[in-house]
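If you want the building blocks of each chain, they are given just below.
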Amino acid sequence: PSSDPSLRHYSSCSGCARREIGSGRMTTGGRAVLLLPLLVVSALFAQIRASDPLFHESFDEGFEGSWVVSGKEEYSGVWKHEKSDGHEDYGLLVSEPARKYAIVKELDSPVTLKDGTVVLQFEVRLQNGLECGGAYLKYIRPQEAGWDAKEFDNDTPYTIMFGPDKCGSTNKVHFILKHKNPKTGKYVEHHLKSPPSVPYDKLSHVYTAILKPDNEVRILVDGEEKSKANFLSADDFEPALIPSKTIPDPDDKKPEDWDERAKIPDPAAVKPDDWDEDAPTEILDEEATKPEGWLDDEPEEVDDPEAAKPEDWDDEEDGEWEAPKIDNPKCEEAPGCGEWKRPMKQNPAYKGKWHAPMIDNPNYKGIWKPQEIPNPEYFELDKPDFDPIAAIGIEIWTMQDGILFDNILIADDEKVATAILEKTWKPKFDVEKEKQKAEEAAAADSEDLSEFQKKIFSVLYKIADIPFLEPYKIKIIDIIEKGEKQPNITISILASVIVVIVTVLFKALFGGKKPVAPVKPAAETKKPSAVVPDAAAGSSGDKEDDKDAPRRR
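Note that this is a predicted model, so its numbers are computed, not measured.

Student: Got a minute to help me understand the confidence of the model for the protein in this structure?
Tutor: Low-confidence regions, as indicated by low pLDDT, have predicted coordinates that should not be scrutinised in detail. Of the residues in the protein, 80% reach a pLDDT of 70 or more, and the chain-wide mean stands at 84. Contacts from residues 43-49, a stretch scored under 50 in pLDDT, to residues over four places away or in other chains number two contacts. Across residues 513-553, confidence stays below pLDDT 50; counting only partners more than four residues off in sequence or on other chains, it has 13 contacts.

Student: What should I look at first to understand the pairing of strand β24 (residues 389-398) in this one?
Tutor: On a regular strand, one side chain projects to one face of the sheet and the next to the other, so that they alternate. By the criterion of burial, β24 is predominantly enclosed, with nine of the ten residues buried. Bridge count between strand β8 (residues 137-140) and β24: three bridges; the pairing is antiparallel. Counterpart to Ile-140 in the pairing with β24 is Ala-391.

Student: Is there a simple way to think about the pattern of salt bridges in this case?
Tutor: Oppositely charged side chains can form a pair if their charged atoms are brought close together. Under the defined criterion, the tally for this structure stands at 25 salt bridges. One continuous salt-bridge network, built from bridges that share partners, spans Asp-89, Glu-123, Asp-406 and Lys-428.

Student: I keep staring at the nonpolar core and nothing clicks. Help me out?
Tutor: One recurring pattern in soluble globular proteins is that nonpolar side chains are buried together. With 58 residues, the main nonpolar core has Tyr-139, Phe-162, Phe-175, Leu-211, Phe-405 and Ile-410 as its most contacted residues. When residues of this core are assigned to their parent elements, the largest contribution, six residues, is made by strand β5 (residues 99-111). Apart from residues no more than four positions distant in its own chain, Phe-175 is found in contact with Ile-160, Met-161, Phe-162, His-190, His-191, Leu-192, Ala-209, Leu-211, Val-217, Ile-219, Phe-231 and Phe-237. In this structure, Phe-457, Ile-463, Tyr-472 and Ile-476 belong to the second largest nonpolar core, which totals twelve residues.

Student: Looking at this structure, how should I read the pairing of strand β10 (residues 170-180)?
Tutor: Bridge count for strand β9 (residues 158-167) against β10 is eight bridges, and the pairing is antiparallel. Across the sheet, residue Lys-166 finds its bridge partner in β10, namely Asn-171. In terms of strand pairing, β10 meets strand β11 (residues 187-192) through five bridges, oriented antiparallel. When the sheet's bridge partners are listed, Lys-178 is paired in β11 with Glu-189. Linking β10 to β11, which pair antiparallel, is a turn of six residues; within it Gly-185 sits at a positive phi near 80 degrees.

Cut-offs applied
Residues numbered from 1 in each chain as written. Predicted model: local features only at pLDDT ≥ 70, side-chain atom pairs only at ≥ 80, totals over all residues. Heavy atoms only, no water. pLDDT = per-residue confidence, 0-100. Contact = heavy atoms within 4.5 Å. Buried < 20%, exposed > 50% of the residue type's maximum accessible area, 1.4 Å probe, protein only. Helix = DSSP H or I, 4+ residues; strand = E, 2+ residues; numbered from the N terminus. Pairing = 2+ DSSP bridges. Salt bridge = Lys/Arg side-chain N within 4 Å of Asp/Glu carboxyl O. Core = buried A, V, L, I, M, F, W, Y, C linked by side-chain atoms within 4.5 Å.

Printed below as a string of structure tokens:
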């Protein structure tokens, strides 16, 4: 107990707060004791609330029942609930090429974009690439009463359109805001001027748009900032959200006597008497002489001496056959062939058509422009007047199938979006990236092996043409052709040809039975006897004559 009487009451009575409450009285310390648990609970609730997204569609379960496919006849593409290639993770799949697709998901309650930060994020994997088509989302504004989700189509009003679009010269990650002009009541599409491009690979990518309360919008691809803009800047959006204060007067007309020519031909100028407009640009070079060694009697082209008339040529049906022409080989060593002619040269007297020189126009008034008048559609704005998001729709036309949507997210905290990105997208992307690197390395190795094989086969064909391998040429070529059809046995083919060569060389150096030439067509059977007549003659003599005969090589 405290010695101070004024403090003794609090130090000696731990249950006083309860008694004070029971008696209808509360001290400062008692109120603090009661408020502390309430503050802790409130903080925990706020923390839990902050860690939850406003909307998150992971497609872990089927989309039927929660997403509504458009009932319009033009949208014939079939949506499927499928796994991402190589993963156990499911997504919403575009299953057919060259189709229109439309599907929409109505939110439980609209998401406002006017207060605080809003993050729009989703994953797309172009499993078969994207040559021509879209893979973007439309964030639909509240519709009129009685609107049916089955009526969703291209004309359904939206607040924001965001995502990849690629076809021809178009290659961008769209960000389009539809904003209502308070003066006219009309909605105008405002396009981000500098959108990022769409990745060219077939990996999973995540697209993020962060709308900040200071009118800033940031576009991220795979968590990296690719573009940043201000909604109210005329340099960032086309057309600008805030119209110009003045516009050209549409009723203003250019006066008939308005002269916009800065320069005019000098009316006092006169063409000189010695100006010849008819002189040619080029004339014969009279000083040129025929080069020494010029072959006047030789034609530039002659009949191809190696050409032969085809066996199936019919003079009556095909006409008289003429050999194709080739460059005269004699002309290659000479300065030229045929009739020599003097070359042309630039005409020093040529001046062309005469024109009067230009002078300053004394009546020049400049380029005419209509006068400016106040813009009736002009308004001032501190912040964009965003319409809420009441639904999320995908309405696309694409020539490729295999487009997989996943993890569609709306959040009011960047950290929440980043955490979901790291948990859902990053592991898949890392696996896909490693697989891509392995495939590229394998493809590079395959290309190198292919070039190596081509060089081997080229060398083998040259080996087959070596004269002393003539008896084995047909067999060697057969082996090479089999190797070209089955590249995986290239080494075996090379070994086989080497064995043949070594065998022939061994017999040639150390003797042994003469190699028996393979059977050839009748037209080729005379060739061996013609090449070695002495050997053929010696084979019918006695043994001693046979020794003196030259050995066949």
